[in-house]
Amino acid sequence: MEADDGNDGSSNGETVLLMRQLKHQIAMANAQELLADITCKCFEKCVAKPRDHLSGTEQSCINLCMDRFLDSYRLCAHTYGHRLRREATHSRQA
């Protein structure tokens, strides 16, 4: 006989849905924070004297800076994910 914890199937479904929505919102907030960070760092690096428009050189610098930043971020995220999976595999084998 199963214990009644007061939750029915719809409550579990709602919990799963809420968890998915929360994970999505966290991912969106992290992406916005990353974009803001990239923008600030690249603007500071590439724009010496702010004006009402960017020169071609400044635009190119910002584009390259953002590309390098994102490539580095992807590499770090990939490496970290690989390390977590490797450690999880080793801990299950031990």
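Data block above holds the structure.
Please read these numbers as outputs of a predicted model, since none were measured by experiment. (Residues numbered from 1 in each chain as written. Predicted model: local features only at pLDDT ≥ 70, side-chain atom pairs only at ≥ 80, totals over all residues. Heavy atoms only, no water.)

Draft legend 1. Just the overall build of the protein chain, in detail. Secondary structure assignment for the protein chain yields two helices and zero strands. Per-residue burial for the protein chain yields a buried fraction of 11% across its 94 residues. A total accessible area of about 8300 Å² is found for the protein chain, and carbon and sulfur atoms account for 58% of it. (Helix = DSSP H or I, 4+ residues; strand = E, 2+ residues; numbered from the N terminus. Buried < 20%, exposed > 50% of the residue type's maximum accessible area, 1.4 Å probe, protein only. Areas by Shrake-Rupley, 256 points an atom, 1.4 Å probe, with all protein chains shown as cover.)

Draft legend 2. Up close: a nonpolar patch on the surface. A cluster of nonpolar side chains, contributed by M19, L22 and I26, occupies part of the molecular surface with about 270 Å² of accessible area. Residue classification places L22 among the partly exposed positions, given a relative accessible area of 42%. (Patch = residues over 30% accessible without salt bridge, like charges linked within 9 Å, V, L, I, M, F, W, Y side chains within 5 Å. Salt bridge = Lys/Arg side-chain N within 4 Å of Asp/Glu carboxyl O.)

Draft legend 3. Representation of the state of the cysteines in the model. Taken as a whole and assessed by the stated rule, the structure comprises two disulfides. Disulfide pairing is shown between C42 and C65; the S-S distance is 2.1 Å. The disulfide joining C42 to C65 has a torsion of about -80° about its S-S bond and is therefore left-handed. Of the two residues, C42 sits in helix α1 (residues 9-46) while C65 sits in helix α2 (residues 56-93), which places them 23 residues apart along the sequence. C65 sits in the buried class, given a relative accessible area of 10%. The disulfide partner of C46 is C61, and the gap between their sulfur atoms is 2.0 Å. Given an S-S torsion of about -70°, the disulfide between C46 and C61 has left-handed geometry. Highlighted residues: C46 in helix α1 and C61 in helix α2, separated in sequence by 15 residues. A single burial state applies to C46 and to C61, both of which are buried. (Disulfide = S-S within 2.5 Å.)

Functional significance is not addressed by these values, which are geometric in nature.
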